[in-house]
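Residue-level listing of the chains:
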Amino acid sequence: MSNEKADQMIRSSSVEEMSSVDLDSAYGPSGFRGLVKSSNILFYALFASLGGFLFGYDQGVISGVLVMSDFETRFPRVGGNGDLQGWVVSIMQLGAFVGALINSPLADRLSRRYSIAVACVAFLIGSVLQAGAIDNSMLFIGRFIGGIGLGQISMGVPLWIGEIAPPNLRGSAVTLQQFAIASGIMISFWLVLDYGTQYIGGIGEGQSQLAWRLPFALRAIPAITLLVGCFFILPFSPRWLVKVRREHEALAVLSRLRKLPENHPIVQAEIMQIKAGARFDALTIKEKFPNAKSSAQIAYQQYKELFTQKHLAKRLFVACFLQFLQQFTGVNAIIYYAPKMFKSIGLSGNSVSLLATGVVGIINVIATVPAIGIVDNFGRRVVLMFGAIFMSLSHFIIATLYAIYEHSWAEHLSAGWAAAAFVWFFVFNFAYSVGCIAWIYPTEIFPLGVRAQAMGIAISVNWISNFVIGLITPIMLNYIKFGTFYFFFAFTMVLFCWVMFFLPETKGVPMEEMDKLWGGSEGKETADRMARIQNELKCESRNVPNYSKTSSYSDELDIEMQEQY
Ligand code: BGC
């Protein structure tokens, strides 16, 4: 849509008509075309996705390090088949669980961008401790602190990207983050381990300690880049600026992000929407919890609502169960322990198993790319069901081959390669389906008033499940061997059946109408409240030509909002 047309549309319309749908068409195409057109958003989102890259790199690097001979010699209880192996992987997820939860207040108080900076510092401290580890405790403490940073990042980065992106690019941005995670995993597998540091000093007895210290230390490069970027490159989120009543700055940032002048109708309409959102939050809190004054009291009430209101509890269950099942597909059992798994299915030699792991990384990245188109065209349910059924098939075949050839892999090399091919097929099906969609549902199914809290809980479920997988996988591989794959087969079947019989389709459902899928009155109340706000804004917009020059919140709400921040 041309600027003149958008101008005309916005001038002649009421505030209701300046809905996201209108803005969507005013902004132009979504997906790849939209990202290329909005090159600055693409740049900022990619830059912030360095956080996703760190998350992926950290997840991937550990699997290679654990099988390095120098590492095994120095940390016998951690490397190889050591009894602490599961813990050294899982302690990071435990830290991330804590990090995801604490980032919520940090992102509100300090701003989204500085909460990411704090996360980078935690991550750097963790990296230094791990790269310099001389005993188990340094390694464990380093992984825990680094994990806190990663947990914060996993929440802060998508939050920031979502808040700077125009409505038509928000979906693509979620996939970009997943793409960055997958890229981080691939780089750690492929460039650093398969063709890189494991060869320093040779892969056998004479292996240098640099072989594993370097990949731990290299993480500092993207972390420092992101840290510096938080101060000098990434702008404040305009939504956060409006929330903390720095509205002139919000307008300036938004105009820079949209590459349009501050008084341009699109920028004016969007700032109005952001304002409506902030006012809506304040009004929701005021009406639902008239006695809750401090931010702690308000947060408590909102958490309570999530568990006590039936339709909210249902949605919370869906978001959390999807996160849980994403992890219990066994994807991280493969990401963390792929070299060990490939060895266990008969691919002998360090290099062969690491090479097979490198292929996992590549497939994971490539299969993420088309996700955005598939999810929006075919709907979430069908993509999830396809992914789940093929993931189940893969696990079933791997488990069965393992059961048959467990003691004769050497004589049946082709069976080993067939099992490896199904590990790759599994990863392919994970990447375009539940890999992306598990992140999409929590962002769209909750009413605005409780969305942040609900998402925080869902993301922490992802990390705690990730923690459990990291912990139990080596134990299962040692004790129940092929049963490990039957175990994951069972969960991918649960995913398939649950999606088929219970999960509602959310494709194309406007957020305000999500309520219809779950029952409850939240949707109507929400709509009424929004209508009132829109009416108010409509009057204001007719009276004042430029929003940036107005102080338009009602006094009462103004005070409410200021009290909260
Ligand atoms: C998951 C991670 C996983 C990654 C693999 C993400 O969606 O949350 O735990 O390692 O996908 O690409």
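Residues numbered from 1 in each chain as written. Predicted model: local features only at pLDDT ≥ 70, side-chain atom pairs only at ≥ 80, totals over all residues. Heavy atoms only, no water.

Asks: Honestly, the overall build of the protein chain in this entry has me stumped. Any pointers?
Replies: In terms of helices and strands, the protein chain carries 28 helices and zero strands. Within the span of the protein chain, comprising 565 residues, buried residues form 59% of the whole. Residue pairs in contact within the protein chain that sit at least 24 positions apart in sequence constitute 80% of those at least 6 positions apart. For the protein chain, the exposed surface amounts to about 21,800 Å²; the carbon and sulfur share of it is 66%. (Helix = DSSP H or I, 4+ residues; strand = E, 2+ residues; numbered from the N terminus. Buried < 20%, exposed > 50% of the residue type's maximum accessible area, 1.4 Å probe, protein only. Contact = heavy atoms within 4.5 Å. Areas by Shrake-Rupley, 256 points an atom, 1.4 Å probe, with all protein chains shown as cover.)

Asks: Teacher, can you tell me more about the packing of helix 17 (residues 310-328) against helix 24 (residues 451-479) here?
Replies: In helix packing, the relevant descriptors are the interaxial angle and the interaxial distance, both defined with respect to the helix axes. It is the contact of helix 17 with helix 24, at a shortest axis distance of 8 Å, that shows an interaxial angle of 25 degrees. One way to sum up the angle between helix 17 and helix 24 is to call them roughly parallel. With respect to the hand of their crossing, helix 17 and helix 24 are arranged in right-handed fashion. Here Leu316, Ala319, Cys320, Gln323, Phe324, Gln326, Gln327 and Phe328 of helix 17 lie close against helix 24, whose contacting residues are Ala454, Ile457, Ala458, Val461, Asn462, Ser465, Asn466, Val468 and Ile469. (Axes fitted to C-alpha atoms, helices over the stretch in contact; angles between N-to-C directions. Parallel < 35°, antiparallel > 145°, perpendicular 65-115°, else oblique. Left-handed = near helix turned anticlockwise from the far one by under 90°.)

Asks: What am I meant to see in the packing of aromatic side chains here?
Replies: In this description, a pair of aromatic rings is defined by centroid distance and the angle of the planes. Within this structure, the stated rule accounts for 35 aromatic pairs. With a centroid separation of 6.3 Å and an interplanar angle of 85 degrees, the aromatic rings of Trp212 and Phe216 are classed as edge-to-face. In this pair, Trp212 and Phe216 are both assigned in helix 11 (residues 210-218), four residues apart and thus about one turn of the helix distant. Neither Trp212 nor Phe216 differs from the other in exposure class; each is buried. (Phe/Tyr/Trp six-rings, centres within 6.5 Å; stacked < 30°, edge-to-face > 60°.)

Asks: What am I meant to see in the packing of helix 21 (residues 380-405) against helix 25 (residues 483-501) here?
Replies: For the pair helix 21 and helix 25, the least separation of the axes is 8 Å and the interaxial angle reads 160 degrees. Taken together, the axis directions place helix 21 and helix 25 in an arrangement best described as roughly antiparallel. Relative to helix 25, helix 21 is oriented so that their crossing is left-handed. Classifying every residue of the contact of helix 21 with helix 25 gives 18 nonpolar, four polar and one charged. (Nonpolar A, V, L, I, M, F, W, Y, C, P; charged D, E, K, R; others polar.)

Asks: Would you mind going over helix 24 with me for this structure?
Replies: Along an α-helix, residues three or four apart share an orientation, since each turn contains 3.6 residues. Taking 1.5 Å per residue, 29 residues should reach 42 Å; helix 24 reaches 41 Å between its end C-alpha atoms and fits that length. Most of helix 24 is tucked away, with 21 of its 29 residues classed as buried. Positive phi appears at Lys481, one or two residues downstream of helix 24, with a value of about 40 degrees. (Expected span 1.5 Å × (residues − 1).)

Asks: Is there a simple way to explain empty space enclosed by the protein in this structure?
Replies: Where empty space is left can be seen by rolling a probe of water-molecule size over the atoms. Under the defined criterion, the tally for this structure stands at three cavities of 30 Å³ or more. Along its surface, the largest cavity is lined by 16 residues, and Gln59, Gln178, Ile181, Asn332 and Phe430 are the ones closest to its centre. For the lining of the largest cavity, the secondary-structure elements that each account for two or more residues are helix 5 (50-66), helix 10 (170-194), helix 17, helix 18 (331-344) and helix 24. (1 Å grid on protein atoms, 1.4 Å probe; cavity = no way out; pocket = protein on both sides within 12 Å on 5 of 7 lines; lining within 4 Å. Points joined across faces, edges and corners; volume = space filled by probe spheres on them.)

Asks: So what exactly am I meant to see when it comes to the site of the ligand here?
Replies: Near the ligand, the surroundings consist of 13 residues, among which Gln59, Gln178, Gln326, Asn332 and Asn364 are the closest. Here Gln327 contributes a side-chain N or O atom positioned 3.0 Å from an oxygen atom of the ligand. Burial of the ligand by the protein amounts to 100% of the accessible area it has alone, namely 320 Å². Those elements that provide at least two residues to the shell around the ligand are helix 10, helix 17, helix 23 (434-444) and helix 24. In terms of residue count, helix 10 provides more of the shell around the ligand than any other element does, three residues in total. (Near = heavy atom within 4 Å. Polar contact = N/O pair within 3.5 Å; in protein donor to acceptor, adjacent residues only side chain to side chain.)

Asks: Looking at this structure, I do not really get the side chain of Gln327. What am I missing?
Replies: On the secondary structure map, Gln327 appears in helix 17. Accessibility expressed as a relative area gives 3% for Gln327, which makes it buried. For Gln327, the side chain forms a polar contact with the side chain of Asn332, separated by 2.6 Å. With sequence-adjacent residues up to four places away left out, Gln327 is seen in contact with Asn332, Asn462, Ser465, Asn466 and Ile469.

Asks: Help me understand the confidence of the model for the protein chain in this model?
Replies: Close inspection of predicted coordinates is inappropriate in any region flagged by low pLDDT. Confidence in the prediction of the protein chain, expressed as mean pLDDT, is 81, and 84% of residues score 70 or more. Taken as a whole, residues 1-21 scores under 50 in pLDDT and shows 33 contacts with residues more than four places along the chain or in a different chain. Counting contacts from residues 543-565, a segment whose pLDDT is below 50, to residues more than four positions away or on other chains yields 48 contacts. (pLDDT = per-residue confidence, 0-100.)

Asks: How do you make sense of the side chain of Ser111 when you look at a structure like this?
Replies: Take Ser111: it is sitting in the loop between helix 7 (85-109) and helix 8 (112-131). Within the structure, the side chain of Ser111 is placed 3.1 Å from the backbone nitrogen of Tyr114, a separation counted as a polar contact. With near-sequence residues (within four places) excluded, Ser111 lies in contact with Leu106, Phe236 and Trp240.

Asks: Where do I start with the pattern of salt bridges in this structure?
Replies: Pairs can form between side chains of opposite charge whenever their charged atoms are close. Within the structure shown, the criterion is met by eight salt bridges. Here Arg112 ties to Asp108 by a salt bridge, and the two come within 2.9 Å at their closest N and O atoms. Residue Asp108 is classed as partly exposed on the basis of its relative accessible area of 24%. The partner of Arg258 in a salt bridge is Glu270, and the shortest N-O contact between them spans 2.8 Å. (Salt bridge = Lys/Arg side-chain N within 4 Å of Asp/Glu carboxyl O.)

Asks: Could you clarify how one ought to interpret the environment of Tyr336 in this entry?
Replies: Mapped onto the secondary structure, Tyr336 falls in helix 18. In this structure the C-alpha to C-alpha distance between Tyr336 and Ser63, which are 273 residues apart in sequence, comes to 4.6 Å. Those residues in contact with Tyr336 that sit more than four places away from it in its chain are Gln59, Ile62, Ser63, Val89, Gln93, Asn466 and Gly470.

Asks: I would appreciate a short explanation of a nonpolar patch on the surface in the present structure.
Replies: Residues Phe43, Ile224, Val228, Phe231, Phe232 and Ile233 make up a contiguous nonpolar surface patch of about 590 Å² in total accessible area. No other element matches the four residues that helix 12 (residues 220-232) contributes to the nonpolar patch. Of note, Val228 is situated in helix 12. Assessed through its relative accessible area of 42%, Val228 is described here as partly exposed. (Patch = residues over 30% accessible without salt bridge, like charges linked within 9 Å, V, L, I, M, F, W, Y side chains within 5 Å.)

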